[in-house]
Each structure stands twice: as C-alpha cells, then as structure tokens.
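Notes for the structure review
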Amino acid sequence: MQERANEMIKIFIDEKPVDAEEGTTVLKAAERAGIHIPHLCYHPAFPPEGSCRMCLVEIEGFPKLELSCSTVVKEEMKISTKSERVVEARKAVLEFLLAEHPLDCPICDKAGDCKLQDYYYEYGLFESQFKETKEKREKKLKIGKSLILDQERCILCTRCVRFLKEVTKTQDLGVFHRGVHSSVNIYEGTSVENNYSGNLAEICPVGAITDEDFRFQTRSWFLKEGESICPLCSRGCNILIEYHPGFSRFELPNRVYRIKARENPEVNGFWICDRGRYGYSYLDEGRADKIILNKIEGENVLTWENISEYLGEKINSMSSAKKTSGIALILHTWLSNEELFLLHKIFKKDLKVEKIFFADLPEGEADGFLLTSEPSPNRRGAQEIGFDIKAVDLSTLADGTDFLLAFGPFLSGLFSPKYLKGALSKIKRKVLFSSYSHELNSLFDVVIPVALIAEKEGSLTNVEGIVQGFQPALEPPGESLPEWKVLCDLGKELGMDSKFYSEFPSPETILSEMGEKIPFFKKKND
Amino acid sequence: MIKALGYFIEIIRGGLITTRHFVVNLFYHILKVLGIKTKRKGSVTIQYPEQKKEIASRHRSLHRLMTRPDGKPRCVACMLCVTVCPSECIYVEAAEDPDPEIQKYPAKFIIDLGRCCFCGFCVEACPEDAIRMDTGNVEFAQYSQQDLIYDLDKLIG
Ligand code: SF4
Ligand code: SF4
Ligand code: SF4
Ligand code: SF4
Ligand code: FES
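Let me begin by describing the structure that accompanies this report.

Calculation criteria
- Residues numbered from 1 in each chain as written.
- Chains lettered and ligands numbered in written order.
- Predicted model: local features only at pLDDT ≥ 70, side-chain atom pairs only at ≥ 80, totals over all residues.
- Heavy atoms only, no water.
- Helix = DSSP H or I, 4+ residues; strand = E, 2+ residues; numbered from the N terminus.
- Buried < 20%, exposed > 50% of the residue type's maximum accessible area, 1.4 Å probe, protein only.
- Contact = heavy atoms within 4.5 Å.
- Areas by Shrake-Rupley, 256 points an atom, 1.4 Å probe, with all protein chains shown as cover.
- Lys, Arg positive; Asp, Glu negative; His and termini not counted.
- Charge placed at Lys NZ, Arg CZ, Asp CG, Glu CD.
- Near = heavy atom within 4 Å.
- Nonpolar A, V, L, I, M, F, W, Y, C, P; charged D, E, K, R; others polar.
- Pairing = 2+ DSSP bridges.
- Phe/Tyr/Trp six-rings, centres within 6.5 Å; stacked < 30°, edge-to-face > 60°.
- Lys NZ or Arg CZ within 6 Å of the ring centre and 35° of its normal.

Scanning chain B for helices and strands turns up four helices and five strands. Out of the 157 residues in chain B, the part that is buried amounts to 30%. Nonlocal contacts in chain B, meaning residues at least 24 apart in sequence, comprise 61% of its contacts between residues at least 6 apart. Accessible surface, chain B as shown: approximately 11,100 Å² in total, 59% of it carbon and sulfur. Here chain B holds 21 positive side-chain charges and 19 negative ones, and the gap between their average locations is 16 Å.

Here it is in structure tokens:
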C-alpha cells in the first residue's frame, strides 16, 4: 500500500512553497502540507474518480479550474485553493449537489459526520434556488446484512461501487440509469453479504448508506472516540471505539455504540472486518465489576490492594517442590505481551510451574483478507515470549494440584459444566481473573474482575509479528483493573529478584525490559 | 463594634426605602382619586390565585409536543433539543417507524421539569416545530419530584 519514494519537486499552494513527490496529485500534495482541499468522491484507497467536482482548484496557466484529485503536480506549479473563483465554484458545486438532496439531516444517522453537511457550513451557506419538487427515490432499501441505502441522499460519488469492485471484488452495487435518474442500486438478486460490508457505511461520505446496527441509536455528536486494537482475531486491526459518555440525569444501557476502522497501512489499511465492527457487545454485556469471594478462610476481605498479598501468601506457604507440581495456570491469549511476560517470568522461570495451559476460543476460519483463523489477539506474542501453547487437559490439571490460577472466561466453553465442576472440585484453592460475571465464577474461591484490552495499556503481537501498543480507550467498570498491576505486585510479594519487579511502573517499561531479554521484542521496539 | 453599627445603618436604610415606596405610591393613588392622569401608575397587589394576570403572548410555559394530522408525534427524535438543553433534562429514545417517509419517531420522550430552567432553547432548536412552550400552563407544581418527570403521553396530552 505504500508508495515508492519519488523525487521531490517544489510547488506553490496558496503562495506557500511546498515539497511534493513527483507524480503525486495536487490534492495529496496539499494534504501532506496540511492544507485541506474539500473532496467527496476521492478516497485515498482508490484511484481518483473525478465525479463530485468538489475539489476544484485554480492553477496558474490553466484556463479552467482543475480537479485537484486527479491533476498531477508539476515543477513550479502555482495552485490556489482559496481564490475567489475557487470559492464561487465550490459554492456552485454544493448547490448542484444539494438541489436534489432531501435534507433529511434530523433523521439521518450521518448527520454530524456528513461531509456534505460540513462543507455546506464551511463553503456553502447559500439560500436554495431550487423551486421544483425533488425526485422521489427509494428511501429505505436493505442492501446487505446490515446496510440501508437511501437513494435520495446519494451524491453518486461511487466510492461504494469502487470498494466492492476493488477491495472485496464482489461487485454487488452499481450505478443504474442516466442523468437525473441515475442512482446506486444493488444488482438484482444479490445482497452485500461479504465480511467487509460495514466499511461501506463508513466510506459513504453522506448518509446514503447507513448502518442498521447504528440506526437511530444515538446522534454521532454525543459520541467520544478512543483508539484501540481489535482483539477479535490475531490481525490486530486498528480501531476507533465510539462510546457515549452518558447524560447526567438519564442512565444509558451501554457505553459503546460503534466501532470504526483506524488507518494503519501496515496492518489493516483503511478497513476492518464485520466481526470486529459489529462484535463489540463483549465490551458491555455481562461484565463483572466487583471482586467475588465465594469461599475464603478467616475474616479476610480482599480488595485490589491486598489481592497480591493474598496470592503471595498462599504461594509462599508451599514448599519449593510443591510449587512446581502443586500450582497450575490456565492462561489465554487476550493477555498483553507485558502480562504474558510477567506470568512467564514468575511462574515458568522462577517457580518452574509445569502445568501451564491455554484456554482460548476454538479456531475459526480465515477469510483470506484481514480476518485470521485465531480468534484472539496475542497468540504470536505468547509463543515469542516462550510459552508452549497447550490446550487444557483437565485430568492433568487437577492431578495433585493445590492452587489454580485461571485467567479469562473461555474455560467454560471448552468443557461440559459437570465435568469441569468435578475436575475443579479436587483443587483446594482456585482464583479466577475474569472480566465477566459468568456461571464459571461459582467454581472459584475468588474471582477478580479485570479490564479488557480496550480498557488498559499494553501491547499485542499480531499474526505477522507486528508489535502494536495500545492505550485505554474506555474506563474499566467498577473495581476492574488490569492484570499486569497484580502481577507486578505479586512478583514483589514473592520476594523474587525484588529490584527486577519494582522497576516496572508501567507496561511501557515492561516492554523495554522485554526487549532486553527477548530479541524478538527488541527489534520491533526501536 | 463598627460592624454592629453598619448593621443598624442598613436597617435604617431599608426602612427608608420602604417608606419611600409607600409615600410615592400613596401620592400616585391620591392623584388618581383626584382624577389627575399621570404616566406612572401606583403599584397594586394582585390577589393571586383568586385573581390572575394575563400572560404575555411570547411567554414560555409548560411544554407540549405537537402531533401530525393522524395523531402521531411530529417529533422525529433528532435529539437537537437534547443537545441544546442547558439543564440536560430531556431524554429521547428513537425508534423505527414503518412509514419510509417518517422513518424515525420518539419511542420515549422525557422532560424532567424539576430541572428545566424554562429557557426555551429546545423550542428554538427543533427543526420540526414539534415542541412548543405555549400551553399557558404555569401552575404545575407538584409535591414529589417524580411527578415533574413528563413522558410522551403527558407531553402530547
Ligand atoms: S446525507 Fe448529510 S446532508 Fe444529507 S441528510 Fe444526511 S446529514 Fe443531511
Ligand atoms: S451510496 Fe454513498 S458511497 Fe455510494 S455513490 Fe452514493 S454517496 Fe457515494
Ligand atoms: S426550556 Fe430549556 S431547560 Fe427546559 S427543557 Fe427546554 S431547553 Fe431544557
Ligand atoms: S428537536 Fe424537535 S424533532 Fe428533534 S427530538 Fe426535540 S422535539 Fe423532537
Ligand atoms: S474529489 Fe475530485 S472530483 Fe470528487
């Protein structure tokens, strides 16, 4: 997706000298120099189309205004994006686009994100001269599993057609008829069913294609966005999580309303798959927000402050041979690199624990584009850190085990509840770190609520070995906190190499420490 | 000591203001009795609630939601009133109307009048002229805060 580095040439945009790559377009060169030229049909993922006429600029020596999205720069070119002629032309283009536009903004889910709306406020502000009645077209066509097309709002930019032609290669949409009657529609008998359909609602610059999942849920200006990484497969697509900060007087059922793609040419380009886009219910549904104490001796009350003390005490009371054979660990690969590294250091290296298993969701099917077959984000990370990823074997797990530390809710999906209960009942002490309130929780003595990837800091290693850092996009609910905090404290508590553990105030420093110890993380971390 | 003195001075000033109002009003009332017309009138006390003053035409009173000819709410749940309301006392939940020409209607529309400051911004913001504050009803005090939370039925009412 990256362009070859070309010779640089000098051009002038609004009298400002700008360096531009040879062979690039005026619009791209301006964008690179931080000058925004309004455009609707141009999308950086596709070759220019030149159908909307929004991007007109004046170029010295050219008699007419030129399309900046498709005009290639030349040495010493003098471009004006703000001259009177350009401003007038832009206004006229907007007037033509809006002549046939229904102005549905009050009921249009795009309002607030709509480029046509934004440009009207910035460059339009004219009184409509269109006195005729507007053309009637289909206002609510279901064109895909979660897409609704409103032909009246369409400005015929063909971004959607080009996406389906060039990215998914399914070609379900086309422009039908001619002139004033032209409209985007679905080919008869088809439907946009591919795993990337949701991107259409995102790239449509107006509210012509909207998402059924988001339909009428809220208004986009209420939402705030946080950057994160999609944890639903090992591609690690970069995403934006759009959440509602809430109203002061009225409670809302959910925080998260929408997931959008975040551009990263190395990982996901401009796109995300529909699983990542629509599968966000895991962020809000069934979350655990309190420490659960099912069975705990004495008058002990556990809080996040003394949880590591409690764990440390239990482990310290074992003989060192017992530690090796009597402790069992069930991990999963939604844990960050840093957390897996700490777990590896504490349990595998220092305590020499033998029984370390991984409980993850069962493998799915890759789709040949972004979605991979691994439905968790950090399997590669666990491998690089040195874990041997073994599936849970309940009879080995329970055999002679006194203390079980389990992470994640996935265990319940792997075995029948009865079998699981039978096996776990043989183990004296069981602690679970999980983000969900789940039946599984009743099988453990203590359940500690933890933050999800969207709510903590750390890094993940994707299927191609790219290490990507992430920051919290949301607040963790209730008492939940990230696992790495407890693990740092536990290391201290166990008195192993105390200097080593106490030096880790944040995942960032853990990662740089990892770079020292594991060459794989070194080279990615520069 | 000095502080106490200031206290008495204020009491005396207050007394003087009351006296001034009394004398000025008495003066205008006497002129009226004598049949002399003046521009300024003496103040009078209205015996509310037995006696009521007429409400000015551009007053703001209890909200109402307008309806379409067929009785459905005119509101399209665009939430502009929710956005503009400085007291954050409006809550709207949208739902899908089967009619593709309407598409969106409010499944829930709640105004917490206990918080409303009667600024009228919601009326200004509404693109559909769906909400108005022209009922003339200014007497909706309640004993409980809960009774001041108006829903769709009460607002269309
Ligand atoms: S597409 Fe844009 S301008 Fe058109 S109705 Fe929707 S928000 Fe308004
Ligand atoms: S539906 Fe949207 S993306 Fe497709 S042509 Fe119309 S405006 Fe462009
Ligand atoms: S009058 Fe003002 S405070 Fe009251 S509901 Fe309307 S916008 Fe809110
Ligand atoms: S502004 Fe008007 S149309 Fe929009 S939600 Fe409020 S009352 Fe309804
Ligand atoms: S962006 Fe250049 S014509 Fe549409």
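Attention now moves to the site of ligand 4. Within the structure, ligand 4 sits among C75(B), V76(B), A77(B), C78(B), M79(B), C81(B), F109(B), C126(B), P127(B), E128(B), A130(B) and I131(B). Of the residues belonging to the shell around ligand 4, the class tally is 11 nonpolar, no polar and one charged.

Residues and elements named next belong to chain B. Spatially, the three strands line up as an open sheet ordered β2-β3-β5, and their pairing is antiparallel. This sheet does not close on itself; its edge strands, each paired only once, are β2 (90-96) and β5 (149-150). Pairing analysis gives seven bridges linking β2 to strand β3 (residues 104-112), with the strands arranged antiparallel. Across the sheet, residue A94 finds its bridge partner in β3, namely P106.

This part is about the packing of aromatic side chains. Ring pairs (aromatic) are described by centroid distance and by the angle formed between their planes. Applying the stated criterion to the full structure yields 21 aromatic pairs over all chains. Seen in terms of ring centroids, F118(B) and F140(B) are 6.0 Å apart; in terms of plane orientation they differ by 35 degrees. Their pairing is tilted. With F118(B) in the loop between β3 and α3 (121-125) and F140(B) in the loop between β4 (131-132) and β5, this pair connects stretches of sequence that are 22 residues apart. Its relative accessible area of 22% is what places F118(B) among the partly exposed residues. The class of F140(B) is buried, set by a relative accessible area of 13%. Taken together, W221(A), F222(A), F247(A), F250(A) and Y91(B) form an aromatic cluster joined through their ring pairs. The ring of Y123(A) is capped by R90(A), whose NZ or CZ atom sits 4.8 Å from the centre of that ring.

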